Amino acid sequence: MNNEKTHLIIGDRQVGKTTRLIKESYEKGIPIIVWCNDHAKNILNKAKEMNISIPDPVVVTSGINSRGLASRPDMQNGCLIDDVDFFLPGLLGLKVVAATANLVNFENTELLTIEGQMADRYHGEDSKNEEK
C-alpha cells in the first residue's frame, strides 16, 4: 500500500464532495465504495456526465460482504468511500450515535473542507449568532 495521505472531504450536501471522489477515482483507478446500488448508479451517471470513465463502484451493505476487499487488485492502493455517514450504519447494521477521527495523531491525514453553511458553522458563525 502506498504512503499517500488519507483525507476527509467535509462539506454540505451538493457542494462537490462526491464529484471530488469521482475525479480521484478516475486519476488513481481506485473504485469508490458505497452503501447501496442506487448510489453506485448515481456515481456512474455523474462520471458519464463528466465524460470520464471510473472503475465500477463497489457496493458494501454489510461486514459480511466487505470481506476480501483487500485482496482485490483494484484496491491495492487503498479505497475511496462516499458518504461515510450512510456507509458505516449500513456496514455495521447499527445506528452510529457518534464517531471520532484522529486528525491530530495521524501524520498522514488531511482535512479538506468545501464551503457552505456547514463550513460557516464549523468556523463559528453559529456561535457568533448565539452570542447576540
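What counts, and where the lines are drawn
Residues numbered from 1 in each chain as written. Predicted model: local features only at pLDDT ≥ 70, side-chain atom pairs only at ≥ 80, totals over all residues. Heavy atoms only, no water. Buried < 20%, exposed > 50% of the residue type's maximum accessible area, 1.4 Å probe, protein only. Helix = DSSP H or I, 4+ residues; strand = E, 2+ residues; numbered from the N terminus. pLDDT = per-residue confidence, 0-100. Contact = heavy atoms within 4.5 Å. Core = buried A, V, L, I, M, F, W, Y, C linked by side-chain atoms within 4.5 Å. Pairing = 2+ DSSP bridges. Axes fitted to C-alpha atoms, helices over the stretch in contact; angles between N-to-C directions.

Caption draft 1: Summary view of unusual backbone geometry. Phi is positive for Asn 51, close to 60°, though the residue is something other than glycine. Residue class for Asn 51 comes out exposed when judged on its relative accessible area of 71%. Phi at Asp 83 is positive, roughly 55°, even though this residue is not glycine. By the secondary structure assignment, Asp 83 is in the loop between strand 4 (80–81) and helix 3 (84–92). For Asp 83, a relative accessible area of 16% translates into the label buried.

Caption draft 2: The arrangement of the confidence of the model for the chain in detail. Model confidence for the chain is summarised by a mean pLDDT of 75, while 67% of its residues fall at 70 or above. Here helix 5 (residues 125–131) stands out as the element of the chain with the lowest mean pLDDT, 43, in contrast to helix 2 (residues 37–49), whose mean of 95 is the highest. Counted against residues more than four places away or in other chains, residues 125–132, with its pLDDT under 50, gives three contacts.

Caption draft 3: Broad picture of the side chain of Glu 24. Looking at the secondary structure, you find Glu 24 in helix 1 (residues 17–28). You can call Glu 24 buried: its relative accessible area is 9%.

Caption draft 4: View of the nonpolar core. Counting residues in hydrophobic clusters, the biggest one holds 12 residues: Ile 9, Leu 21, Ile 22, Ile 30, Ile 32, Val 34, Ala 40, Ile 43, Ala 47, Ile 52, Ile 54 and Leu 80. Secondary structure elements with two or more residues in this core: helix 1, strand 2 (32–34) and helix 2. The element best represented in this core is helix 2, accounting for three residues. Residue contacts for Leu 80: discarding those within four places in its chain leaves Leu 21, Glu 24, Ser 25, Ile 30, Pro 31, Ile 32 and Ile 33. Core analysis: the second largest hydrophobic core is formed by six residues, Ile 33, Val 58, Met 75 and Phe 87 among them.

Caption draft 5: Representation of the sheet that holds strand 2 in the model. On the basis of which strands lie adjacent, the open sheet formed by three strands has the order 3-2-4 and parallel pairing. Of all strands in the sheet, those with a lone pairing partner are strand 3 (58–59) and strand 4, marking the two edges. Judged from the two bridges that link them, strand 2 and strand 4 form a sheet pairing that is parallel. Across the sheet, residue Ile 32 finds its bridge partner in strand 4, namely Leu 80. Most of the contacts of helix 2 go to strand 2, to which it runs at about 145°, and overall it touches strand 2 and strand 3.

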